[in-house]
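# Geometric and topological summary
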Amino acid sequence: MVDDSTRKTLSNIPLLQIRAGPREKDVWVQRLKEEYHALIMYVKNNKQSGSDWFRLESNKEGTKWFGKCWYMHNLLKYEFDVEFDIPVTYPTTAPEIALPELDGKTAKMYRGGKICLTDHFKPLWARNVPKFGIAHAMALGLAPWLAVEVPDLIEKGIITYKEK
């Protein structure tokens, strides 16, 4: 069900233990430390393997996240803004990752540029609460979505390369 590459990626992302969301102020700080640790490890491993593909930062409370993600296609780098809020019911509820500039350009997206993760990712997330976090959402949610959708949007001429 899970390919070897995905299994290897997952094995390099630490699992989280603290079950806390933004409403549990004291424990949320501990959960955020776990989140940052997992993200740092994931980015570090991506850089070491030559597959660096996103940058994220958050507001002071760790409830709003934003940054850039990119996808390489035919040696061209397509870059997108990425953003999401941590749901109040987190980690029971996965974050809804949005790429606002792609809003309305594919059927696999909801209003506001939120990518569709319903069929494949959300059941996986539900089985792994509270072990999965933001790094897992990026690795198992956004990365596969980009790999499927971006080449299709490029081939259809819906998105084009922009010189930087």
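Since this is a predicted model, take the numbers as computed values, not measurements.

### Comments concerning the pattern of salt bridges
Considering all chains together, one arrives at 10 salt bridges under this definition. Between Asp 4 and Arg 7 there is a salt bridge; the shortest N-O distance is 3.5 Å. Linking Asp 4 with Arg 7, this pair stays in helix α1 (residues 4–11), spanning three residues, or about one helical turn. Taking relative accessible area as the criterion, Asp 4 reaches 62% and is therefore assigned exposed. Classification of Arg 7 as partly exposed rests on a relative accessible area of 47%. Here Glu 79 and Lys 77 are joined by a salt bridge, their closest N and O atoms 4.0 Å apart.

### Points about the nonpolar core
Side chains of a nonpolar character, in soluble globular proteins, are inclined to be buried together. Ranked by internal contacts, the top residues of the largest apolar core, which has 43 residues, are Trp 53, Cys 69, Phe 80, Leu 99, Met 138, Leu 142 and Leu 146. Setting aside anything within four residues of it in sequence, one finds Phe 80 in contact with Gly 67, Lys 68, Cys 69, Leu 99, Glu 101, Leu 102, Leu 146, Val 150 and Ile 159.

### Quick notes on the sheet that holds strand β2 (residues 64–73)
The strand order across the open sheet formed by three strands is β1-β2-β3, and the pairing between neighbours is antiparallel. What marks the edges here is a single partner per strand, and that holds for β1 (54–58) and β3 (76–85). Neighbour to neighbour, the strand axes of the sheet diverge by 15° on average, direction disregarded. When β1 meets β2, the two strands line up antiparallel, connected through five bridges. Bridge pairing in β2 links Glu 57 to Phe 66. Running over the sheet, helix α4 (residues 134–155) touches β1, β2 and β3 and is turned about 45° from β2.

Each value, and the rule that gives it
- Residues numbered from 1 in each chain as written.
- Predicted model: local features only at pLDDT ≥ 70, side-chain atom pairs only at ≥ 80, totals over all residues.
- Heavy atoms only, no water.
- Salt bridge = Lys/Arg side-chain N within 4 Å of Asp/Glu carboxyl O.
- Helix = DSSP H or I, 4+ residues; strand = E, 2+ residues; numbered from the N terminus.
- Buried < 20%, exposed > 50% of the residue type's maximum accessible area, 1.4 Å probe, protein only.
- Core = buried A, V, L, I, M, F, W, Y, C linked by side-chain atoms within 4.5 Å.
- Contact = heavy atoms within 4.5 Å.
- Pairing = 2+ DSSP bridges.
- Axes fitted to C-alpha atoms, helices over the stretch in contact; angles between N-to-C directions.

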